[in-house]
Amino acid sequence: MKFLDQARIHAQSGAGGNGCLSFRREKFVEYGGPNGGDGGRGGHVYVEAHEGLNTLVDFRYAPHIKAGRGVHGMGSNKHGAAGKDVTITVPVGTQIYDEDMEFLLADLTDPGQRLLLLEGGQGGKGNAHFKSSTNRAPRRTTPGTPGEERWLWLRLKLMADAGLVGLPNAGKSTFLSTVSRARPKVADYPFTTLAPQLGVVHADGREFVLADIPGLIEGAHEGRGLGTRFLGHVERCGALLHLVDGTGDDPGAAYRTVRDEMIAYDAGLEDKPEIVAVTKADALDAELAADAVAAVAAAGARDVRLVSSVAGQGVDALLTALLAAIDAYRAAEASRPAAAPPGGPDADSTADTAAVDDTDGGTGSWSPV
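Criteria and cut-off values
- Each chain carries its own residue numbering, running from 1 in the direction its sequence is written.
- With pLDDT at 70 or above as the cut-off, local features in this predicted model cover only qualifying residues; side-chain atom pairs require 80 or more to be listed or tallied, and sums for whole chains, interfaces and linings still use all residues.
- To get the side-chain values, take all heavy atoms of the structure and skip hydrogens and water.
- Helix and strand assignments follow DSSP, with helices taken as H or I runs no shorter than four residues and strands as E runs no shorter than two, numbered in order from the N terminus.
- Partly exposed residues are those whose accessible area sits between 20% and 50% of the maximum for their type, while under 20% is buried and over 50% is exposed, using a 1.4 Å probe and protein chains only.
- We get accessible surface area from the Shrake-Rupley algorithm with a probe of 1.4 Å; when it comes to residues, only the shown protein chains can shield them.
- Any Lys or Arg side-chain nitrogen found within 4 Å of a carboxyl oxygen on Asp or Glu counts as a salt bridge.
- Any two strands between which DSSP finds at least two bridges are classified as paired.
- Stacked, tilted and edge-to-face are the three classes assigned to paired rings of Phe, Tyr and Trp, where Trp is represented by its six-membered ring and a pair needs centres within 6.5 Å; plane angles under 30 degrees give stacked, over 60 edge-to-face, the rest tilted.
- Two conditions define a charge sitting above a ring: the NZ of Lys or the CZ of Arg must be within 6 Å of the ring centre, and it must be within 35 degrees of the ring normal.
- Multiplying 1.5 Å by the residue count of a helix minus one yields the expected span of that helix.
- Here, two residues are considered to be in contact whenever any of their heavy atoms come within 4.5 Å of each other.
- In this analysis, axes come from line fits to C-alpha atoms, helices being fitted only over the stretch in contact, and the angle between any two N-to-C directions falls in the range 0 to 180 degrees.
- Should the near helix be turned anticlockwise from the far one by less than a right angle, the crossing is left-handed, and should it be turned clockwise, the crossing is right-handed.
- Each residue receives one of three labels: charged for Asp, Glu, Lys and Arg, nonpolar for Ala, Val, Leu, Ile, Met, Phe, Trp, Tyr, Cys and Pro, and polar for the others, Gly being one of them.
- Buried Ala, Val, Leu, Ile, Met, Phe, Trp, Tyr and Cys residues form a nonpolar core when they are joined through side-chain atoms within 4.5 Å.
- As a per-residue measure, pLDDT tells how confident the predictor is, with possible values from 0 to 100.
- For this quantity, the arc is that covered by the directions from the helix axis to the C-beta atoms.

S.K.: Go over the overall build of the chain, please, and point to the residues and values.
M.R.: Across its full length, the chain holds 5 helices and 16 strands. A burial count over the chain gives 44% of its 369 residues as buried. Only carbon and sulfur atoms are counted for the fraction: they give 49% of the accessible area of the chain, which is about 18,700 Å².

S.K.: Explain the pattern of salt bridges to me, using residue names and the numbers behind them.
M.R.: Throughout the structure, instances matching the rule amount to 12 salt bridges. Of the charged contacts, one joins glutamate 26 and arginine 24 as a salt bridge, the two residues approaching to 2.7 Å between their closest N and O atoms. The exposure class assigned to arginine 24 is partly exposed, which follows from its relative accessible area of 38%. Between arginine 41 and aspartate 85 there is a salt bridge, with the nearest N and O atoms lying 3.2 Å from each other.

S.K.: Just give me the short version of the pairing of strand E8 (residues 149–156), but keep the residues and values in it.
M.R.: For strand E1 (residues 6–12) and E8, the ladder comprises 7 bridges, and the chain directions are antiparallel. Residue arginine 8 lies in a different strand from E8, and its bridge partner there is tryptophan 153. Both strand E5 (residues 94–97) and E8 contribute to a ladder of 4 bridges, which runs antiparallel. Counted as the bridge partner of threonine 94 is leucine 156 from E8.

S.K.: If you had to explain the packing of aromatic side chains to someone new, which residues and values would you point to?
M.R.: Applying the stated rule across the entire model yields 0 aromatic pairs. Taking NZ or CZ as reference, arginine 114 lies 4.1 Å from the ring centre of tyrosine 46, over its face.

S.K.: Which residues make up helix H4 (residues 286–298), and what values go with them?
M.R.: Between its first and last C-alpha atoms H4 spans 18 Å; for 13 residues at 1.5 Å apiece the expected length is 18 Å, and the two agree. Close packing links the buried residues of H4 with strand E12 (239–245), helix H3 (251–265), strand E13 (274–279) and strand E14 (305–306). Phi turns positive one or two residues past the end of H4, at glycine 300, with a value near 115 degrees.

S.K.: Please set out the sheet that holds E1 residue by residue, giving values where relevant.
M.R.: The strand order across the open sheet built from 5 strands is E3-E1-E8-E5-E6, with neighbouring strands paired in mixed fashion. Where the open sheet ends on each side, the last strands, each with one partner, are strand E3 (64–66) and strand E6 (104–108). Direction aside, the axes of adjacent strands within the sheet are offset by 25 degrees on average.

S.K.: Lay out the packing of H3 against H4 in plain terms, naming residues and giving numbers.
M.R.: Orientation of H3 relative to H4, taken along the N-to-C sense of each, is 35 degrees, at an axis distance of 7 Å. Crossing hand, H3 versus H4: right-handed. Judged by residue contacts, Pro251, Gly252 and Tyr255 of H3 engage Ala292, Ala295 and Val296 from H4. Residues of the contact of H3 with H4, tallied by class, amount to 5 nonpolar, 1 polar and no charged.

S.K.: For the nonpolar core, give the residues involved together with the corresponding values.
M.R.: Among the nonpolar cores identified, the biggest contains 25 residues, and Val45, Val47, Phe59, Ile88 and Leu117 are the most heavily contacted of them. Every residue in contact with valine 45, bar those within four places of it in the chain, is listed here: Ala11, Gln12, Ser13, Ile65, Ala67, Val86, Ile88, Leu115, Leu116, Leu117 and Leu118. Ala203, Phe208, Leu243 and Leu323 belong to the second-largest nonpolar core, a separate cluster that totals 24 residues.

S.K.: Break down the environment of isoleucine 88 for me, with residues and values.
M.R.: When you line up the elements, isoleucine 88 lands in strand E4 (residues 86–91). For isoleucine 88, a relative accessible area of 3% corresponds to the buried category. In sequence terms isoleucine 88 and leucine 115 are 27 residues apart; their C-alpha atoms lie 9.8 Å from each other. Leaving out residues up to four positions away in the same chain, isoleucine 88 has contacts with Ile9, Val45, Tyr46, Val47, Glu48, Phe59, Ile65 and Leu117.

S.K.: Before we move on, could you go through the confidence of the model for the chain and cite the residues and values that matter?
M.R.: Within the chain, residue pLDDT values average 83, and 83% of them lie at 70 or more. For the chain, strand E15 (residues 354–357) is the element with the lowest average pLDDT, namely 40, and E3 is the one with the highest, namely 96.

S.K.: How would you summarise unusual backbone geometry if you had to cite specific residues and measurements?
M.R.: In this structure, asparagine 77 takes a positive phi of about 60 degrees despite not being glycine. Take asparagine 77: it is sitting in the loop between E3 and E4. A positive phi angle, close to 55 degrees, is found at methionine 101, a residue other than glycine. Mapped onto the fold, methionine 101 is located in the loop between E5 and E6.

S.K.: Let's hear about helix H2 (residues 172–179): which residues, and what values?
M.R.: Of the residues making up H2, those classed as buried are Lys172, Ser173, Phe175, Leu176 and Val179. All buried residues of H2 fall inside an arc of 160 degrees around its axis, so they share one side. Lining the buried residues of H2 we find strand E9 (162–165), strand E10 (197–203), strand E11 (206–212), E12 and helix H5 (315–335).

In structure tokens:
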């Protein structure tokens, strides 16, 4: 399946059905009276996170999502049926932005999380609704209200436990294929990985998800190379495994380049637990390996390790250390106080529904279901 982490969609909820104008007509009944039914409400548009998905590619070929219209009211006090609701199923970790990609509207981080994206229009009232003691034969009805519609951006940030970062051709794909059953493309030229790859790693009787992120180059935070688009996938990782090519000309500069790009990205990546490993140890003699480790340590890395994915040297110890870093990060995250609700410290933390300003001046309701 092709990986796609960004998609633009057009969502539209259903309009409400119109109310009916009708009077009872029956033989031998002198006073029939009004019996026009109400229209049904329009269908809602929901969005739900599903843990069995890991791409947004389906929305490239079907970007229009439309809920059903409410059925009009009918005579004999028959109310119209509600329009059919539509649920947009997205991978866990999907963020929803407005049309200009300036405001984050929703962030689906938990499996099964379900939100009301667009609310369907209300059904109109039939003339039977307006019957009273002083108005026995009302001819008043109301139409159904239109549904909401808007263009939205979906952006996927993978929910991996750990992420592989490094310059192109640093051995990330080789490492992932060694420690998991993932089969990313491996070649002896840069940028063989053009999309993130996920693999399940088994270590110390446990398992965790490892993400291989396409290689970064100097200036990636400004859009060079593959740009910052894939840096978002490591924002949610519990720990980072930074691989440095030990056969390169300057391993210390290679480490510093990637480190500076993560700092310039300004999303807290530099604060995540980081384990640094010099790769391709099987191609280095003892002296060159020691020089590479020393150069990376001099560039600011801590606890630099020497590994060889092909020969399996140092891989088991590296996975054990990575699993410990993931556990420490998750424990620290769990102990942090809950984030303040949107709207500042004075916002009501018990509110289940937040009003979001639309681009055309309207409001859309976003509430958990």
